[in-house]
Amino acid sequence: TFPTEKQAPKVEEPPRQPSVTNANQGRRFVDQRDVMLTYTTPWVIAFLKKCRRDALLAVPRDYLADGFNLVHLPPIIESFSGQAISDEDKNYPLYKAALRVILSNEDLGDSIPPTVQRAAEALYSLVHA
């Protein structure tokens with residue numbers, strides 16, 4: 001025999017994400033500030049605070065750390081240094097320094113050289129392109 005509605009086992013729903021109602025659009029969304037703090041770095045958070053809110057999103061640290069996702073960006077970022085890159089020497093020091101800044105779990109503050117800071121900003125922006 002099949003259970004009647006009164007006998008049917010109660011199925012618990014999974015816990016819901018905290019959400020906020022956007023009064024202008026009537027949609028529900030997860031508060032991105034909470035999500036951003038859990039999977040990104042201090043540099044990304046500080047950089048996004050300086051940018052227009054609708055221009056860039058928080059990119060997961062794991063995505064940025066995976067070289068496959070950034071495969072064509074080292075020569076572009078290295079061009080910010082103003083030095084020619086020979087075919088034999090493709091270590092991309094500016095790109096590596098910029099990526100270290102972005103991926104750092106420490107708040108580096110004002111200790112970042114301006115050239116590396118500009119390269120990091122360009123790299124992070126190009127990830128969105």
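Model, not experiment: these values are computed from the prediction.

**Q** Which parts of the structure should I look at to understand helix α5 (residues 93–103)?
**A** Along an α-helix, a turn takes 3.6 residues, which lines up residues three or four apart on a common side. Most of α5 sits out of view: eight of its 11 residues are buried. Every buried residue belonging to α5 is among Leu-94, Tyr-95, Ala-97, Ala-98, Leu-99, Val-101, Ile-102 and Leu-103, and all of these are buried. For α5, the secondary structure elements touched by its buried residues are α2 (42–50), α3 (61–65), α4 (73–78) and α6 (114–127).

**Q** Explanation requested: the layout of surface pockets in the structure shown.
**A** Rolled over the atoms, a probe as big as a water molecule pinpoints where empty space is left. There is about 220 Å³ of room inside the second largest pocket. Along its surface, the second largest pocket is lined by Pro-42, Trp-43, Ala-46, Phe-47, Lys-50, Glu-106, Asp-107, Leu-108, Gly-109, Asp-110, Ile-112 and Gln-117. The element that contributes the greatest number of residues to the lining of the second largest pocket is α2, accounting for five residues. Considered class by class, the residues forming the lining of the second largest pocket number six nonpolar, two polar and four charged.

**Q** What exactly am I supposed to notice about unusual backbone geometry here?
**A** Most peptide bonds are trans, and most residues other than glycine sit at a negative phi. With phi around 50 degrees, Tyr-92 is a residue other than glycine that occupies positive phi space. Structurally, Tyr-92 can be placed in the loop between α4 and α5.

**Q** Would you mind showing me how to read the packing of α5 against α6 here?
**A** Helix packing for two helices is described by the angle between their axes and how far apart those axes are. Running from N to C, α5 and α6 point in directions that differ by 75 degrees, and their axes come no closer than 8 Å. Of the possible angle classes, the one that applies to α5 and α6 is roughly perpendicular. Together, Leu-94, Tyr-95, Ala-97, Ala-98, Leu-99, Val-101 and Ile-102 of α5 and Thr-115, Val-116, Ala-119, Ala-120, Leu-123 and Tyr-124 of α6 make up the contact between the two elements. The class makeup of the residues in the contact of α5 with α6 is 12 nonpolar, one polar and no charged.

**Q** How should the environment of Leu-126 be read in this particular structure?
**A** Relative to the helices and strands, Leu-126 resides in helix α6. Between the alpha carbons of Leu-126 and Ile-76 there is a distance of 9.4 Å; along the sequence they are 50 residues apart. Apart from the residues within four sequence positions on either side, Leu-126 is in contact with Leu-73, Ile-76 and Ile-77.

**Q** How should the pattern of salt bridges be read in this particular structure?
**A** Following the criterion strictly, the structure yields one salt bridge and no others. Note that Lys-50 and Glu-121 form a salt bridge whose closest N and O atoms lie 3.1 Å from each other. Taken together, the residues span a long stretch of sequence, with Lys-50 in helix α2 and Glu-121 in helix α6 at a distance of 71 residues. A relative accessible area of 21% places Glu-121 in the partly exposed class.

Parameters at a glance
Residues numbered from 1 in each chain as written. Predicted model: local features only at pLDDT ≥ 70, side-chain atom pairs only at ≥ 80, totals over all residues. Heavy atoms only, no water. Buried < 20%, exposed > 50% of the residue type's maximum accessible area, 1.4 Å probe, protein only. Helix = DSSP H or I, 4+ residues; strand = E, 2+ residues; numbered from the N terminus. Contact = heavy atoms within 4.5 Å. 1 Å grid on protein atoms, 1.4 Å probe; cavity = no way out; pocket = protein on both sides within 12 Å on 5 of 7 lines; lining within 4 Å. Points joined across faces, edges and corners; volume = space filled by probe spheres on them. Nonpolar A, V, L, I, M, F, W, Y, C, P; charged D, E, K, R; others polar. Axes fitted to C-alpha atoms, helices over the stretch in contact; angles between N-to-C directions. Parallel < 35°, antiparallel > 145°, perpendicular 65-115°, else oblique. Salt bridge = Lys/Arg side-chain N within 4 Å of Asp/Glu carboxyl O.

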